[in-house]
Amino acid sequence: MSLPHVGSSVDSKDDRECERPISTIVFIIAMDAEALPILKRFNLAEDSTFFPGLPWIRYHGLYKDLQLNVIWPGKDLVLGVNNIGTIPAALVTYASVQALKPDLIINAGTAGGYMSKGADIKDVFLVSSVAFHHRRIPLPGRDSYGVGRRQSFSTPVLSAELQLKAGVLSTGDSFDICPPDEAFIAANNANLVDMEGAAVAYVAGLLNVPSIFLKVVSNAVDGGKPSVEEFHQNLAVATSALDRTVAEAVDFISGKCLSELSISETSSVGSTRLS
């Protein structure tokens, strides 16, 4: 099955992006276990009143010349578990952009990886494109809308500096993967799967904010082991690897404008948006 690429480049939201350094970064992080090492590293302060009446929590602080914001969707008010999945991710991304006007969004977190496509446990990937695999709409024109494939903000300079593997990310709202999901993941040519990335990319594209995706492999989708068991077994080591990469990325981004992360100063700074 072949799924067409959809979308067009978003023009620069402001020519000044090439004239001033990045100053505000918003991290969208789905789980407290993923966020905690980063919060400790940068000594970020909790602001639980930033989203009044909602479980979402902002952590923030200054690092060098950057205003860092980690947005965690918090825990379900009834069940007390992490608010994971595409709906919380989309909501907090929208609210954070509206409130904080970031120069850059970074979605950092764990992902399942395909060992057959070069994804090993603890590997950290810089994602080039994202798509959905659970939105199956077999109607003319709606199929591409369902897949929602978008390009992340191109940062080859960052990728080369940190020596990161290149990833293609497919997003769905279930932890397990059924045969129809597998078919769409294969059509998306993905080597990574998660439960948030494409939703973050969708909102970033709507609001014309550059977004990048750092994903660490916590479990092998095709490794022959139960994914849930392997996820819990590798979570600590995976989040530690993610934390180190985030720190390296922040250090590299500090003092640079968006164009300095890309090859061409005329590159688009937005996420790809559906036509």
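Definitions and limits used
Residues numbered from 1 in each chain as written. Predicted model: local features only at pLDDT ≥ 70, side-chain atom pairs only at ≥ 80, totals over all residues. Heavy atoms only, no water. Helix = DSSP H or I, 4+ residues; strand = E, 2+ residues; numbered from the N terminus. Buried < 20%, exposed > 50% of the residue type's maximum accessible area, 1.4 Å probe, protein only. Contact = heavy atoms within 4.5 Å. Areas by Shrake-Rupley, 256 points an atom, 1.4 Å probe, with all protein chains shown as cover. 1 Å grid on protein atoms, 1.4 Å probe; cavity = no way out; pocket = protein on both sides within 12 Å on 5 of 7 lines; lining within 4 Å. Points joined across faces, edges and corners; volume = space filled by probe spheres on them. Pairing = 2+ DSSP bridges. Axes fitted to C-alpha atoms, helices over the stretch in contact; angles between N-to-C directions. Parallel < 35°, antiparallel > 145°, perpendicular 65-115°, else oblique. Left-handed = near helix turned anticlockwise from the far one by under 90°. pLDDT = per-residue confidence, 0-100. Phe/Tyr/Trp six-rings, centres within 6.5 Å; stacked < 30°, edge-to-face > 60°. Lys NZ or Arg CZ within 6 Å of the ring centre and 35° of its normal. Patch = residues over 30% accessible without salt bridge, like charges linked within 9 Å, V, L, I, M, F, W, Y side chains within 5 Å. Salt bridge = Lys/Arg side-chain N within 4 Å of Asp/Glu carboxyl O. Core = buried A, V, L, I, M, F, W, Y, C linked by side-chain atoms within 4.5 Å.

## Section: the overall build of the protein chain
Helix and strand counts for the protein chain stand at 7 helices and 10 strands. The 275 residues of the protein chain split such that 54% are buried. Partitioning the intrachain contacts of the protein chain with sequence separation of at least 6 by distance along the chain shows that 78% fall at a separation of at least 24. As displayed, the protein chain offers around 11900 Å² of accessible surface, 54% of which is attributable to carbon and sulfur atoms.

## Quick look at the layout of surface pockets
Taken as a whole, the largest pocket holds about 400 Å³ of empty space. Residue lining of the largest pocket: 23 residues in total, with Phe175, Val193, Asp194, Met195 and Asn219 positioned closest to the centre. Secondary structure elements with two or more residues in the lining of the largest pocket: strand E5 (104-113), strand E9 (192-194), strand E10 (211-220) and helix H7 (227-253). Broken down by element, the lining of the largest pocket gets its largest block of residues, 3 residues, from E5.

## Brief notes about the pairing of strand E3 (residues 57-63)
Here strand E2 (residues 45-47) pairs with E3 via 3 bridges, running antiparallel. Among the inter-strand pairings, aspartate 47 is bridged to a residue of E3, identified as arginine 58. Relative to strand E4 (residues 66-72), E3 runs antiparallel, the two being bridged by 7 bridges. What sits directly across from tyrosine 59, in E4, is valine 70. What sits between E3 and E4 in their antiparallel hairpin is a turn of 2 residues, with lysine 64 showing a positive phi close to 55°.

## Details of the packing of helix H2 (residues 86-100) against helix H6 (residues 197-206)
Where H2 contacts H6, the axes come no closer than 8 Å and their chain directions differ by 30°. Accordingly, the angle class assigned to the pair H2 and H6 is roughly parallel. The handedness of the crossing between H2 and H6 comes out as right-handed. Residue-level contacts link Thr86, Ala89, Ala90, Thr93 and Tyr94 of H2 to Ala199, Val200 and Val203 of H6.

## As for the confidence of the model for the protein chain
A residue-level look at the protein chain finds 89% of positions with pLDDT of 70 or above and a mean pLDDT of 89. For residues 264-275, every residue scores under 50 in pLDDT, and the model assigns this stretch 46 contacts once sequence neighbours within four places are set aside.

## A look at the side chain of threonine 245
Here threonine 245 lies in helix H7. On the accessibility criterion, threonine 245 (8% relative accessible area) is buried.

## Points about the packing of aromatic side chains
Applying the stated criterion across every chain yields a total of 4 aromatic pairs. Summarising the aromatic geometry, the rings of phenylalanine 50 and phenylalanine 51 are spaced 5.0 Å apart at their centres and angled 85° between planes, so their arrangement reads as edge-to-face. Owing to a relative accessible area of 23%, phenylalanine 50 belongs among the partly exposed residues under this scheme. With relative accessibility at 5%, the residue phenylalanine 51 sits in the buried group. The structure contains a cluster of three or more aromatic residues connected by ring pairs, namely Phe50, Phe51 and Trp56. The positively charged end of arginine 58 is found above the aromatic ring belonging to phenylalanine 50, 4.6 Å away from the centroid. Residue placement shows lysine 117 over the ring face of tyrosine 114; its charged tip is 5.8 Å from the ring centre.

## Re a nonpolar patch on the surface
A contiguous nonpolar surface patch, about 490 Å² in accessible area, is contributed by Leu77, Val78, Leu79 and Val81. Summarising the element assignment, leucine 79 is placed in the loop between E4 and H2.

## Points about the pairing of E4
Burial runs high along E4: 6 of the 7 residues are buried. Relative to E4, strand E1 (residues 24-28) runs parallel, the two sharing 5 bridges. Looking across to E4, one finds that isoleucine 25 is bridged to leucine 68.

## Notes on the nonpolar core
Core analysis: the largest hydrophobic core is formed by 38 residues, its most contacted members being Ile25, Phe27, Val70 and Val246. Per-element tally for this core: the top contributor is H7, with 9 residues. Discounting residues that sit within four places of it in the chain, phenylalanine 27 has contacts with Leu68, Asn69, Val70, Ile71, Ile106, Val246 and Val250. Grouped together as the second largest cluster of nonpolar side chains are 27 residues, Val26, Ile28, Phe51 and Val200 included.

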